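Each chain is listed here by its residues.
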Amino acid sequence: MKLTNEELNILGILEENHSLSSKSIAMQLAMTEENVQKIVKKLENEKIIVSYPTLIDWNKIEGKEMIVAMIDVKVTPQRSVGFNEVAEQIYRNPEVTSLYLMSGTYDLSVTVEGKTMKEIALFVSKKLATIENVVSTTTHFMLKKYKHDGVIVEGNDDKDRRMVISP
């Protein structure tokens, strides 16, 4: 879909700071607030704006700590559907936070969250590895997050860590 310059400018502003009001965006682009709202609604309806992310450091909140694992999955593709059916079986699990078809050694990259390593290990052994056409898995546990979705998580001391927007 080809977008107008106004639409592209609004997307650029929202990508940088999704919490800006339509009034603020309108002032930046010399547009009316109503026109900005109309364009944003159109972009949401067209699924060009997929969601508005909020990055929360759950590890700072007692009782909400999560372990994140990235799992490489090798799959035998199925005739006429490729990887889609296996991918759907995987992404329907609530533990799965993201799933990507990849090029290279492995076919799928799955990101999973759990309260413990054991919880993730059980997900891999009981839910993921048992799916038909899954040939193998390799699990990588995230030890520390330095940057996520363009946001740098600063500070070496876990008590002093704060989030800042990277340039």
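As the structure is a computational prediction, the values presented were derived from the model and not from experiment.

Moving on, we come to the packing of helix α2 (residues 22–29) against helix α3 (residues 33–45). When two helices pack together, their arrangement is given by the angle between the helix axes and the distance between those axes. Where α2 contacts α3, the axes come no closer than 8 Å and their chain directions differ by 110°. Comparing their axes, α3 and α2 come out roughly perpendicular. In contact with Ser22, Lys23, Ile25 and Ala26 of α2, α3 contributes Glu33, Val36 and Gln37. The class makeup of the residues in the contact of α2 with α3 is three nonpolar, two polar and two charged.

Right, let's get into the nonpolar core. If you look at the biggest cluster of nonpolar residues, it comprises 17 residues, and the most contacted ones within it are Ile71, Val73 and Ile90. Only β1 (67–75), α4 (84–91), β3 (108–114) and α5 (117–128) provide two or more residues apiece to this core. In this structure, Leu3, Ile10, Ala26 and Ile49 belong to the second largest nonpolar core, which totals 12 residues.

In this fold, Glu15 is placed in helix α1 (residues 5–16). You can call Glu15 exposed: its relative accessible area is 72%. Sequence separation between Glu15 and Tyr52 is 37 residues; the distance between their C-alpha atoms is 8.6 Å.

Another point: the environment of Ser125. Positionally, Ser125 belongs in helix α5. By relative accessible area, which is 42% here, Ser125 ends up partly exposed. It is 9.5 Å that separates the C-alpha atoms of Ser125 and Thr137, two residues lying 12 residues apart in sequence.

For the rest of this paragraph, the subject is the side chain of Glu95. Mapping Glu95 onto the fold places it in the loop between α4 and β2 (96–101). On the accessibility criterion, Glu95 (18% relative accessible area) is buried. If sequence neighbours within four positions are ignored, Glu95 has contacts with Thr111, Val112, Glu113, Phe123 and Lys127.

Further remarks concern the sheet that holds strand β4 (residues 134–141). One key point about sheets: their strands pair by backbone hydrogen bonds, in either a parallel or an antiparallel sense. Taking strand neighbours across the sheet as the criterion, the four strands line up as β2-β3-β1-β4 in an open arrangement whose pairing is antiparallel. Unpaired on one side and paired on the other, β2 and β4 mark the two borders of the sheet. The average undirected angle you get between the axes of adjacent strands in this sheet is 20°. Bridge count for β1 against β3 is seven bridges, and the pairing is antiparallel. The residue of β3 that forms the bridge with Ile67 is Gly114. The sheet contacts of α4 involve β1, β2, β3 and β4, and relative to β2 the element is tilted by about 165°. Packing against the sheet, α5 makes contact with β1, β2, β3 and β4, and its axis sits at approximately 20° to β1.

What follows is about the confidence of the model for the protein chain. Model confidence for the protein chain is summarised by a mean pLDDT of 87, while 89% of its residues fall at 70 or above. Predicted confidence for residues 158–164 stays below pLDDT 50, and this span has 21 contacts to residues more than four positions away or in other chains.

About the criteria used
All residue numbers refer to position in the chain's written sequence, counted from 1. Reporting in this predicted model follows two pLDDT cut-offs: at least 70 for local features of residues, and 80 or more for side-chain atom pairs to be given and counted; totals over whole chains, interfaces and linings ignore these cut-offs and use all residues. For side-chain calculations, the full set of non-hydrogen atoms in the structure is used, while hydrogens and water are omitted. Lines fitted to the C-alpha atoms define the axes, with helices restricted to the stretch that makes contact. Angles between their N-to-C directions range from 0 to 180 degrees. Put simply, DSSP H or I for four residues or longer makes a helix, DSSP E for two residues or longer makes a strand, and each gets a number counted from the N terminus. Under this scheme an angle from 65 to 115 degrees is roughly perpendicular, one under 35 degrees roughly parallel, and one over 145 degrees roughly antiparallel; angles in between are oblique. By definition, residues are in contact when any of their heavy atoms lie within 4.5 Å. Under the scheme applied, nonpolar residues are Ala, Val, Leu, Ile, Met, Phe, Trp, Tyr, Cys and Pro; charged residues are Asp, Glu, Lys and Arg; polar residues are all the others, including Gly. Remark: nonpolar core denotes a set of buried residues (Ala, Val, Leu, Ile, Met, Phe, Trp, Tyr, Cys) joined through side-chain atoms within 4.5 Å. Throughout this description, buried means an accessible area under 20% of the type-specific maximum (1.4 Å probe, protein chains only), exposed means over 50%, and partly exposed covers the range between. By the convention used here, strands pair only if DSSP detects at least 2 bridges between them. Confidence scores here are pLDDT values: one per residue, from the predictor, ranging 0 to 100.

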